[in-house]
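Working through the structure, step by step
So you can see what is in the structure, the chains are spelled out below.
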Amino acid sequence: MMNNIVFVNIMRFFGLLTLQVLVCSNINLIGYINPNIYLLFILLYPASNNRLLFIFSSFLLGVVIDAFLDSGGTHAAASVLIAYIRPLFLKFSFGAAYDYQSIKFSNTNFTQRYIYFLSLILIHHFTLFSLVVFNYNKMLLIVRQTFYSSAFTFLVCLLIYSLFSSKEA
Amino acid sequence: MQQLFNFFIKNKIFVLFLLLFSIAISLTIKSHQFHRTKLLNSSNYIIGSIYGLSNSVSQYFHLVKENKLLLEENSKIKSQLFNQTKYSTIDPVLEQHFNLNPAIVYKNSYSLKNNYITLNKGLKDGINEDYGVVTSKGIVGVIDKTSSKYCRVLSILNSNSKINVKLKKTNHFGTLSWDSKSAGIVQLNDIQDLVKLTIGDSVTTSGFSSIFPANIPVGTISSYRLNDTKDLYVIDVKLFNDMTNLEHVYIIKNTDFNEIDNLNQYDE
C-alpha cells in the first residue's frame, strides 16, 4: 500500500512534467493562456507528515519546468510557496475532516475540493505572474493573466482529476 | 551553538522553504538581469534531447508547409542567379564573410514576456554565442547560450532583445525592441522626428554589428507615433517572419567575428 502511493506519486511527477512541457505549455489559448497542470502533483500529494520531502519535490518539479520553459525560477518559487502554505488551505477547506494521516481526496465533498483547488491555483498563478512580469506598475496585467490562466488551469485540472480519480490512492 | 541547532531542527520546514524560495527568487532575478543561468536553460543536454525527440514526431505535421517555403526560397535564389549582371563589381575591402548554417527549431515560444528558441546546433557544429539567426523571410534573433549539441536563441520577441536596424529607403538607423504585446509586431525606437515616415516602408538590418550582415529584411512599418518626450518616433514594425511557426532557420556565422569583437573591446 505504501509502495503504491510512492509509485503513484513518482509516476505523477514525471507524467505531469512531460505533459506540461510538451503539450500544455504550447496551447496558447487566445495568444498567451496556458494551463499549468503540473500543479495537480502538489494539490494531490498525500497529506502526510513528511513535509520536507514534499516541499523539496515541489521545488524540483518547478525548477525542471523552469529549465524547459527558460523562465528563470518563477515556477519553482510559486510551487515552493504553495507547497509550504498547503496545510493551511487543507485545514481551511476540509475543516474537521482534515487529518494529517488519513485524508483522502476521493472521499471529500466536491465543493470543499473545488475551494481547495481554486485557492491554491490562484495563489500559485499570482506569485508566478508577479515574478514573470516583475513590475508592480503593471498590476492590471498581472491580475488579468492570473485570472485567465487560473480559470483555465482549474478547468483542465478538474478534467484530468475526474478522468483518473477512480485510481486515486 | 546547541540552541542554534535546536532552532533549525524545530523550524526545519520553514528553513527549507525559505532556502528553496530564495534560490528560486534569485534564479528569477538573475534571468531578468543578465541571462547568466548557466545550467538551467533549454540548451542543456538532457532538455535539448527531450525537445529533439518531441520535434522528431511533430516535424512530420509541418512537412507540406516547409516544402512550400523551401520551394519559394529556391525559386527566389534561382531568379537572383539568373538576373545577376555579368560584370558585378565586388569590392574586396567591403566584402564581408558570412557563412550560413542550417538548423532546426526544437522549441519555440512566443506568448511569454521573454521568449527563447532552442536549435539543434551547438559548439560541436562551430556555433558560438552572439551569432545571428534568420529565416528565408527575415531575422529571428541572436544566440545567447550554447552547449555541445544545442543552442538557445534570444528571440526578437524578448524584452531584452536589442537589434540595430535601419529604414531601407532613407538609411536612418535605430534599435529594434519588443513591448511583449503581439507576436507579429515589434518596436523600432531612436528614429529622429525629422525623418519622413511612410506606412509600408521596409525595415532591414543595418549591418553595423558583426552579428547580422546588412539588408536582411525585418518587416514593414505598420504605424508610428512620437514618444513621451516628443522628439523620437516609436515605430510599430510588422514582421515578415511568422514567429509562431518557425521550423527551418539559418545561423549566420561571421568569419571575422573575433577580429571585430576584439576591436570593439578596446572602446571600454
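Preceding this paragraph is the structure being described.
The following refers to the structure shown. (Residues numbered from 1 in each chain as written. Chains lettered and ligands numbered in written order. Predicted model: local features only at pLDDT ≥ 70, side-chain atom pairs only at ≥ 80, totals over all residues. Heavy atoms only, no water.)

1. Observations concerning the interface of chain B and chain A
On the chain A side, the residues contacting the 30 residues of chain B number 28 residues. Surface buried jointly by chain B and chain A totals about 2700 Å² across both partners, of which 74% is contributed by carbon and sulfur atoms. Where chain B meets chain A, there are two salt bridges. The shortest N-O distance in the salt bridge between B:R152 and A:D70 comes to 2.8 Å. (Contact = heavy atoms within 4.5 Å. Buried area = accessible area lost by both parts, 1.4 Å probe. Salt bridge = Lys/Arg side-chain N within 4 Å of Asp/Glu carboxyl O.)

2. What to know about the side chain of B:E73
Residues and elements named next belong to chain B. If you trace the backbone, E73 turns up in helix 4 (residues 63-83). E73 sits in the buried class, given a relative accessible area of 15%. For E73, the side chain forms a polar contact with the side chain of Y250, separated by 3.1 Å. Setting aside anything within four residues of it in sequence, one finds E73 in contact with S136 and Y250. (Helix = DSSP H or I, 4+ residues; strand = E, 2+ residues; numbered from the N terminus. Buried < 20%, exposed > 50% of the residue type's maximum accessible area, 1.4 Å probe, protein only. Polar contact = N/O pair within 3.5 Å; in protein donor to acceptor, adjacent residues only side chain to side chain.)

3. A few points about the packing of aromatic side chains
For the coordinates displayed, the defined rule picks out 17 aromatic pairs over all chains. Ring centres of A:Y116 and A:F117 lie 5.9 Å apart, and the angle between their planes is 55°; on these two criteria the pair is classed as tilted. A:Y116 gets classed as buried once you look at its relative accessible area, which sits at 0%. Between B:Y224 and B:Y233, the aromatic rings sit 5.5 Å apart at their centres with planes inclined by 80°, giving edge-to-face as the arrangement. Among the residues examined, B:Y233 registers a relative accessible area of 13% and is labelled buried. Cluster of aromatic residues (ring-pair linked, three or more members): A:F13, A:F14, A:F41, A:Y45 and A:F54. Above the plane of the ring of A:F54 lies A:R86, whose end atom (NZ or CZ) is 4.5 Å from the centre. (Phe/Tyr/Trp six-rings, centres within 6.5 Å; stacked < 30°, edge-to-face > 60°. Lys NZ or Arg CZ within 6 Å of the ring centre and 35° of its normal.)

4. Comments concerning the sheet that holds strand 6 (residues 163-167) of chain B
All names here are of chain B. An order of 6-7-8-11-10-9 is seen for the six strands of this closed barrel, with the pairing classed as antiparallel. On average, adjacent strands in this sheet sit at an angle of 40° to one another, irrespective of strand direction. For strand 6 and strand 7 (residues 173-177), the ladder comprises four bridges, and the chain directions are antiparallel. Bridging across to strand 7, I163 finds its partner in L176. (Pairing = 2+ DSSP bridges. Axes fitted to C-alpha atoms, helices over the stretch in contact; angles between N-to-C directions.)

5. Topic: the side chain of A:H125
If you trace the backbone, A:H125 turns up in helix 5 (residues 110-133). Among residues more than four places away in sequence, those in contact with A:H125 are A:N36, A:L39, A:T146, A:S149, A:S150 and A:T153.

6. What to know about the sheet that holds strand 1 (residues 98-108) of chain B
Strands sit in the order 1-2-5-4-3-12 (chain B) around a closed barrel of six strands; the barrel is antiparallel. Each strand axis lies, on average, 45° off the axis of its neighbour in the sheet, ignoring direction.

7. Overview of the packing of helix 5 of chain A against helix 6 (residues 139-164) of chain A
Residue and element names in this part refer to chain A. Contact pair helix 5 / helix 6: the axes reach a minimum separation of 8 Å and the direction vectors enclose 140°. Our classification of the angle between helix 5 and helix 6 gives oblique. Pair helix 5 / helix 6 crosses with right-handed handedness. Of helix 6, the residues touching helix 5 (which contributes R113, Y114, F117, L118, I121, L122, H125, F126, F129, S130 and V133) are M139, L141, I142, Q145, T146, S149, S150, T153, F154, L158 and Y161. Along the lines of polarity and charge, the residues of the contact of helix 5 with helix 6 split into 14 nonpolar, seven polar and one charged. (Parallel < 35°, antiparallel > 145°, perpendicular 65-115°, else oblique. Left-handed = near helix turned anticlockwise from the far one by under 90°. Nonpolar A, V, L, I, M, F, W, Y, C, P; charged D, E, K, R; others polar.)

8. A word on the nonpolar core
Ranked by internal contacts, the top residues of the largest apolar core, which has 55 residues, are A:L40, A:Y116 and A:F117. Elements with a contribution of two residues or more to this core: helix 1 (2-22), helix 2 (39-44), helix 3 (51-69), helix 4 (74-94), helix 5 and helix 6 of chain A together with helix 2 (12-33) and helix 3 (45-58) of chain B. With 10 residues, the single largest contributor to this core is helix 4 of chain A. Here this core spans two domains, since at least three of its residues come from each of domain 1 (2-33) and domain 2 (34-268) of chain B. Setting aside residues no more than four positions away along its own chain, A:F117 makes contact with A:L40, A:L43, A:L44, A:F154, A:L158 and A:Y161. Listed in part, the 43 residues of the second largest apolar core include B:I139, B:V142, B:V186 and B:L197. (Core = buried A, V, L, I, M, F, W, Y, C linked by side-chain atoms within 4.5 Å. Domains from an automatic or database assignment.)

9. With respect to the packing of helix 3 of chain A against helix 3 of chain B
When two helices pack together, you describe them by how their axes are tilted relative to each other and by the distance separating the axes. Close contact between helix 3 of chain A and helix 3 of chain B brings their axes to 10 Å; oriented N to C, the two are set at 65°. The way helix 3 of chain A lies across helix 3 of chain B gives a crossing that is right-handed. Residue-level contacts link A:A67, A:F68 and A:L69 of helix 3 of chain A to B:I47, B:I50 and B:Y51 of helix 3 of chain B. For the contact of helix 3 of chain A with helix 3 of chain B, a count of residues per class yields six nonpolar, no polar and no charged.

10. Some words on the state of the cysteines
All names here are of chain A. Under the counting rule described, the total for this entry stands at zero disulfides over all chains. The closest cysteine sulfur to the non-disulfide-bonded C157 is located on C24, 8.8 Å from its own sulfur. Residue class for C157 comes out buried when judged on its relative accessible area of 0%. (Disulfide = S-S within 2.5 Å.)

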